[in-house]
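Coordinates in review
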Amino acid sequence: MSVFTLVEDSNRRIHVQVARQVARKILSGELKEEEKLPSEMELCEIFGVSRTALRESTKLLSAKGLIESKPKVGTRIMPRSNWHFLDPQLLDWIQDLEDTKPFLAQFLGLRKAIEPEACALAARNASVEQRKELSILFQKMTLAAESFDYGSWTVNDHLFHRTIFLSTGNQFYIPFGNILSAIFRQFIDHSAEGGRFCLAEHKAIYDSIMSGNSEGARIASQSLLNDDNQKLSKVPLKQVAIA
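Let us look at the structure shown here. For every chain, the first residue of the written sequence is number 1, and numbering continues from 1 onward in sequence order. Restriction of local features to residues with pLDDT of at least 70 applies here, the model being predicted, together with a cutoff of 80 or more for giving and counting side-chain atom pairs; totals for whole chains, interfaces and linings are based on all residues. Neither water nor hydrogens contribute to the side-chain values; these are computed over all heavy atoms in the structure.

Brief notes about the overall build of the chain
Looking only at helices and strands, one finds 12 helices and two strands in the chain. Shown N-terminal to C-terminal, the secondary structure of the chain runs as helices and strands in the order α-α-α-β-β-α-α-α-α-α-α-α-α-α. Within the chain, the fraction of its 243 residues that count as buried is 48%. We call two residues contacting when some pair of their heavy atoms lies within 4.5 Å. In the chain, the proportion of contacts linking residues at least 24 apart, taken out of those at least 6 apart, comes to 69%. Note on areas: Shrake-Rupley with a 1.4 Å probe; residue coverage comes only from the protein chains shown. Entry remark: accessible area of the chain is about 12400 Å², with carbon and sulfur atoms responsible for 52%. Secondary structure follows DSSP: runs of H or I at least 4 residues long count as helices, runs of E at least 2 residues long count as strands, and numbering of each begins at the N terminus. In this scheme, a residue with accessible area under 20% of its type's maximum is buried, one over 50% is exposed, and one in between is partly exposed, where area comes from a 1.4 Å probe on protein chains only.

Structural notes on the pattern of salt bridges
Here, a salt bridge means any Lys or Arg side-chain nitrogen found within 4 Å of an Asp or Glu carboxyl oxygen. In this structure the tally under the stated criterion is 12 salt bridges. For Glu40, the salt bridge is made with Arg51, and the minimal N-O distance between the two is 2.9 Å. Separated by 11 residues along the polypeptide, Glu40 in helix α2 (residues 40-47) and Arg51 in helix α3 (residues 51-63) bring together distant segments of the chain. Residue Glu129 is joined to Lys132 by a salt bridge in which the shortest nitrogen-to-oxygen separation is 3.7 Å. With Glu129 and Lys132 both in helix α6 (residues 128-146), this residue pair falls three residues apart, about one helical turn. What makes Glu129 exposed here is its relative accessible area of 55%. One network of salt bridges, in which partners are shared, links Glu34, Glu68 and Arg76.

Here's the deal with the environment of Leu37
Take Leu37: it is sitting in the loop between α1 (14-27) and α2. You can call Leu37 buried: its relative accessible area is 12%. Taking the C-alpha atoms as reference points, Leu37 and Ile67, separated by 30 residues in sequence, lie 9.3 Å from one another.

Focus: the pairing of strand β2 (residues 74-77)
Going residue by residue along β2, you find Thr75 and Ile77 tucked away on one face and Gly74 and Arg76 left uncovered on the opposite face. At least two bridges found by DSSP between two strands is the condition for calling them paired. Both strand β1 (residues 67-70) and β2 contribute to a ladder of four bridges, which runs antiparallel. Directly across from Lys70, in β2, lies its bridge partner Gly74. Connecting β1 to the next strand, β2, in antiparallel fashion are three residues, including Lys72 with a positive phi near 65 degrees.

Some words on the packing of aromatic side chains
For this analysis, a ring pair means two rings from Phe, Tyr or Trp (six-membered ring only for Trp) whose centres lie within 6.5 Å, classed as stacked if their planes differ by under 30 degrees, edge-to-face if by over 60, and tilted for the remaining angles. Applying the stated criterion across every chain, the model contains seven aromatic pairs. A centroid spacing of 6.2 Å and a plane angle of 40 degrees characterise the contact between Phe165 and Tyr173, whose relative ring orientation is tilted. Comparing Phe165 with Tyr173 shows no difference in burial state: the two are buried.

As for the nonpolar core
Judged by nonpolar contacts, the single largest core of 30 residues is most densely connected at Val22, Ile26, Leu27, Phe47, Leu61, Leu66 and Trp93. Looking at this core, the elements that each hand over two or more residues are α1, α2, α3 and α4 (88-95). For this core, the element with the most residues is α1, which contributes seven residues. Apart from residues no more than four positions distant in its own chain, Val22 is found in contact with Phe4, Leu31, Leu37, Phe47 and Leu61. The nonpolar core is taken to be a set of buried Ala, Val, Leu, Ile, Met, Phe, Trp, Tyr and Cys residues, with the residues joined through side-chain atoms within 4.5 Å. Ranked by size, the runner-up nonpolar core spans 26 residues in total, among them Cys119, Trp153, Phe165 and Phe197.

Examining the packing of helix α7 (residues 150-166) against helix α10 (residues 199-211)
With axes taken as lines fitted to C-alpha atoms, and helix axes fitted only over the stretch in contact, angles between N-to-C directions fall between 0 and 180 degrees. Look at α7 against α10: their axes get within 12 Å of each other, and the N-to-C directions meet at 30 degrees. The element α7 and its partner α10 pack so that their crossing is left-handed. Mapping the contact onto sequence places Trp153, Asp157, Phe160, His161 and Ile164 in α7 and Leu199, His202, Ile205, Tyr206 and Ile209 in α10. Any residue that is not Ala, Val, Leu, Ile, Met, Phe, Trp, Tyr, Cys, Pro, Asp, Glu, Lys or Arg is counted as polar, Gly included; the first ten are nonpolar and the last four charged. Here the contact of α7 with α10 is built from residues that sort into seven nonpolar, two polar and one charged. A crossing counts as left-handed when the near helix is turned anticlockwise from the far one by less than a right angle, and as right-handed when that turn is clockwise.

Here's the deal with α2
Inspection of α2 places Leu43, Cys44 and Phe47 among the buried residues, and these make up the whole buried set. The buried residues of α2 occupy one face: seen down the axis, they fall within an arc of 105 degrees. For α2, the exposed residues set more than 90 degrees away from the buried face come down to Met41 and Glu45. Those residues of α2 hidden inside the fold are in contact with α1 and α3. Phi for Gly48, located one or two positions after α2, is positive at around 70 degrees. Directions pointing from the helix axis toward each C-beta atom define the arc.

Regarding α7
Take the number of residues in a helix, subtract one, and multiply by 1.5 Å to get its expected span. Taking 1.5 Å of rise per residue, the 17 residues of α7 would be expected to cover 24 Å, and the 24 Å separating its terminal C-alpha atoms lies within 8% of that figure. Residues of α7 that are buried: Tyr150, Trp153, Thr154, Asn156, Asp157, His158, Phe160, His161, Thr163, Ile164 and Phe165. Sitting at the amino-terminal end of α7 is Asp149, which places a side-chain oxygen 3.3 Å from the backbone nitrogen of Gly151. We call two N or O atoms a polar contact when they sit within 3.5 Å, provided that within protein one can donate a hydrogen and the other can accept it, with sequence-adjacent residues counted only if both atoms are side-chain atoms.

Spelled out as structure tokens, the structure:
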């Protein structure tokens, strides 16, 4: 059984701190699927928390599909297929892991599946105001790339992609736009100094959306998400192209 640590006083609520510790060990694979956690009494002693706080943390983890707790049976780790990977708090905990590369690689797979179509829909459905917003953001990205301002690029690149999702005219894409605030920033933040600004690829997406060319927007998005631009499995994350 992996070792937990005492929960310290902080601005975070006690039960959230406990849940975060357990979640990180589940997400990292230190705690295996179907493995049972220690008893409630043991966990209270390990974490140095009350039974009330522990039960609140159990509810939180259960709501995210990570564990299942039954009276007289105990608490076990649920199979990965039950985990709510798109839960914003779960995504936040994933970012705390030492090795996020497998999750970021899978996130890239998700982006490849949905983002090109989002760009195509945005080319057809974006409002005048949304196109103006994309124009402003792309101008800021251009300035950031020209001045090698990684911080400004990160902020505006995130907003650029989020605006595309919000411009699809399809409300089911909106949650993915919101998810970007959790995962996508992490994806870009790992593209630290030394990465390549994919300005030409973004310009192709921008030009296609602004001209209403849905197929061009789709192809441009696919080009941006090409493995040669992302390189998640080939180089350290700090060298990943800034996408």
